[in-house]
Amino acid sequence: MRVLAFLDGTLGDPTKPYVRVDNTGVLRGDGIFETVLVVDGKPRELGPHLDRLARSAAMLDLPEPDLGAWERAVQQVIHNWQGAPEIAVKLVYTRGSEGDPDAEPFCYALGMDIDDKVRTARAEGVAVATLDRGFGPDVAERAPWLLLGAKTLSYAVNLAALREAGRRGADDVVFTATDGTVLEGPTSTVVVVKGRTLYTPPPTVGILPGTTQRAVFRAAEDAGWTAKVENLRVEDLTSADGLFLVSSVRKVTRVHTLDGTRLTDSTAIHRELCEAYEKQYA
Ligand SMILES: Cc1ncc(COP(=O)(O)O)c(C=O)c1O
């Protein structure tokens, strides 16, 4: 099932072509996106997603997005959805036609079903490989033009990393900096649990600030946990009581194996975190 909505309030036919062949998003991955989870007709963390869309747009020098129009497009998708209770709504924003000084950005919201693989990972957990991203943890500050921390359409590297994980017998990836600092997954934020404390790396190491991580931390703190944003090292992952990858679509997914080694069983912590996370939307 797919539902396509444009920012002028009209619906499109998701099986028809709309994107011009000279669109910069297609030619160069020059654009940004968001993926919003909708459950039972309610979008989760829509405000933070729209704020991050505006932040990514600013980082790419794209015209400031009309957040009201984006919100209406999301509602339009939800309103016209007749599929399963969960929707992944992609907000896609490209610069427009290359070489055209009057190019209008090309934007749309596309509702899609949640992948079966994501559902399986939510239920059963995942095996993860750590992969060196080849940068130090100070690169975001030293080289802002690398756009680390913006949610750009240039995800070829992220997908290549996931294929490398597959070759290593893993399902997902945790990127590390050259000095062993923990960064993020190709499409997720890393959350580590030690005792009753949750940890996640700071965005300053060159990662996307996660909307789900923030929501999980908020819910966990309400449930009596402590939550800290701190630099982590690979050793912190192996010695943790729980390691999780979190994102809008995968929610809180448990990592059971890291670089081929089985981690401490974290199913009880996982259950508790999932309960706290879901409770805030009940
Ligand atoms: C690189 C990266 N980090 C983190 C996340 C998690 O972000 P969110 O929780 O806002 O979905 C994503 C989501 O796709 C991502 O692509």
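Residues numbered from 1 in each chain as written. Predicted model: local features only at pLDDT ≥ 70, side-chain atom pairs only at ≥ 80, totals over all residues. Heavy atoms only, no water.

Engineer: How should the packing of aromatic side chains be read in this particular structure?
Structural biologist: The geometry of an aromatic ring pair is captured by the separation of the ring centres together with the interplanar angle, meaning the angle of the planes. For the coordinates displayed, the defined rule picks out six aromatic pairs. Residues phenylalanine 33 and tyrosine 155 carry aromatic rings whose centres are separated by 5.1 Å and whose planes lie at 80 degrees to one another, so their mutual orientation is edge-to-face. Residue phenylalanine 33 is located in strand β3 (residues 31-39), and its partner tyrosine 155 is located in the loop between α5 (139-142) and α6 (156-167); the two are separated by 122 residues in the primary sequence. Owing to a relative accessible area of 17%, tyrosine 155 belongs among the buried residues under this scheme. (Phe/Tyr/Trp six-rings, centres within 6.5 Å; stacked < 30°, edge-to-face > 60°. Helix = DSSP H or I, 4+ residues; strand = E, 2+ residues; numbered from the N terminus. Buried < 20%, exposed > 50% of the residue type's maximum accessible area, 1.4 Å probe, protein only.)

Engineer: Before we go on, may I ask you to explain the environment of aspartate 116 in this structure?
Structural biologist: Note on placement: aspartate 116 falls in helix α4 (residues 116-124). Measuring from C-alpha to C-alpha, the distance between aspartate 116 and valine 216 comes to 23 Å, with 100 residues separating the pair along the chain.

Engineer: Would you take a moment to explain a nonpolar patch on the surface for this structure?
Structural biologist: A cluster of nonpolar residues, Tyr18, Val19 and Val26, forms a patch on the protein surface that exposes about 260 Å² of accessible area. With respect to the element layout, valine 26 can be found in helix α1 (residues 24-28). Residue valine 26 is classed as exposed on the basis of its relative accessible area of 56%. (Patch = residues over 30% accessible without salt bridge, like charges linked within 9 Å, V, L, I, M, F, W, Y side chains within 5 Å. Areas by Shrake-Rupley, 256 points an atom, 1.4 Å probe, with all protein chains shown as cover. Salt bridge = Lys/Arg side-chain N within 4 Å of Asp/Glu carboxyl O.)

Engineer: Help me understand the domain arrangement of the protein chain in this model?
Structural biologist: Often the size quoted for an interface is simply the accessible area lost on bringing the parts together. What the domain assignment reports for the protein chain is domain 1 (2-113) and domain 2 (119-279). For domain 1 and domain 2, the distance between their C-alpha centres works out to 25 Å. Each side of the interface is counted separately: domain 1 has 23 residues, and domain 2 has 23 residues. For the pair domain 1 and domain 2, the two sides together bury roughly 1800 Å², of which 57% comes from carbon and sulfur. For the pair domain 1 and domain 2, the interface holds five salt bridges. In this structure, arginine 218 and glutamate 45 form a salt bridge, with 2.9 Å as the shortest nitrogen-oxygen distance. Elements represented by at least two residues in the side of domain 1 that touches domain 2 include exactly α1, β3, α2 (46-59) and β5 (86-94). In terms of residue class, the side of domain 1 that touches domain 2 is made up of nine nonpolar, seven polar and seven charged. (Domains from an automatic or database assignment. Contact = heavy atoms within 4.5 Å. Buried area = accessible area lost by both parts, 1.4 Å probe. Nonpolar A, V, L, I, M, F, W, Y, C, P; charged D, E, K, R; others polar.)

Engineer: Whenever I open this one, the packing of α2 against helix α3 (residues 67-79) confuses me. Can you help?
Structural biologist: Helix-helix packing: each pair is described by the crossing angle between the helix axes and the interaxial distance. For the pair α2 and α3, interaxial distance at closest approach is 11 Å and the crossing angle is 130 degrees. As summarised for this structure, α2 and α3 are arranged oblique, according to the angle between their axes. Here α2 runs over α3; the crossing is right-handed. Taking contact as the criterion, the partners of Leu46, Leu50, Asp51, Leu53 and Ala54 in α2 are, on α3, Leu67, Trp70, Glu71 and Val74. Classifying every residue of the contact of α2 with α3 by side-chain character gives seven nonpolar, no polar and two charged. (Axes fitted to C-alpha atoms, helices over the stretch in contact; angles between N-to-C directions. Parallel < 35°, antiparallel > 145°, perpendicular 65-115°, else oblique. Left-handed = near helix turned anticlockwise from the far one by under 90°.)

Engineer: Where do I start with helix α7 (residues 211-222) in this structure?
Structural biologist: Think of an α-helix as 3.6 residues a turn; residues three or four steps apart then line up on the same face. Taking 1.5 Å of rise per residue, the 12 residues of α7 would be expected to cover 16 Å, and the 17 Å separating its terminal C-alpha atoms lies within 8% of that figure. Just downstream of α7, glycine 224 is the residue with a positive phi angle, here 100 degrees. (Expected span 1.5 Å × (residues − 1).)

Engineer: Would you take a moment to explain the site of the ligand for this structure?
Structural biologist: Neighbouring the ligand are 17 residues; Lys151, Tyr155, Thr211, Thr212 and Ser248 lie closest to it. At 2.7 Å, a side-chain N or O of lysine 151 approaches an oxygen atom of the ligand. The separation between an oxygen atom of the ligand and a polar side-chain atom of serine 248 is 2.7 Å. Coverage of the ligand by the protein amounts to 94% of the 390 Å² it exposes when considered alone. The set of elements that each furnish at least two residues to the shell around the ligand consists of α2, α7 and β12 (242-247). Residues of the shell around the ligand, tallied by class, amount to four nonpolar, 10 polar and three charged. (Near = heavy atom within 4 Å. Polar contact = N/O pair within 3.5 Å; in protein donor to acceptor, adjacent residues only side chain to side chain.)

Engineer: Please clarify how the sheet that holds strand β6 (residues 106-112) should be interpreted in this entry.
Structural biologist: Each strand in a sheet pairs with its neighbour through backbone hydrogen bonds, running either in the same direction (parallel) or in the opposite one (antiparallel). Reading across the sheet, the six strands line up as β2-β1-β6-β5-β3-β4 and stay open at both edges, with antiparallel pairing between neighbours. Every interior strand has two partners, whereas the edge strands, β2 (11-12) and β4 (42-43), have only one. In this structure, strand β1 (residues 2-5) lies alongside β2, joined through two bridges in antiparallel fashion. Bridged to leucine 4 within β2 is glycine 12. Sheet strands in contact with α2 are β3, β4 and β5, and its direction is about 175 degrees off that of β3. (Pairing = 2+ DSSP bridges.)

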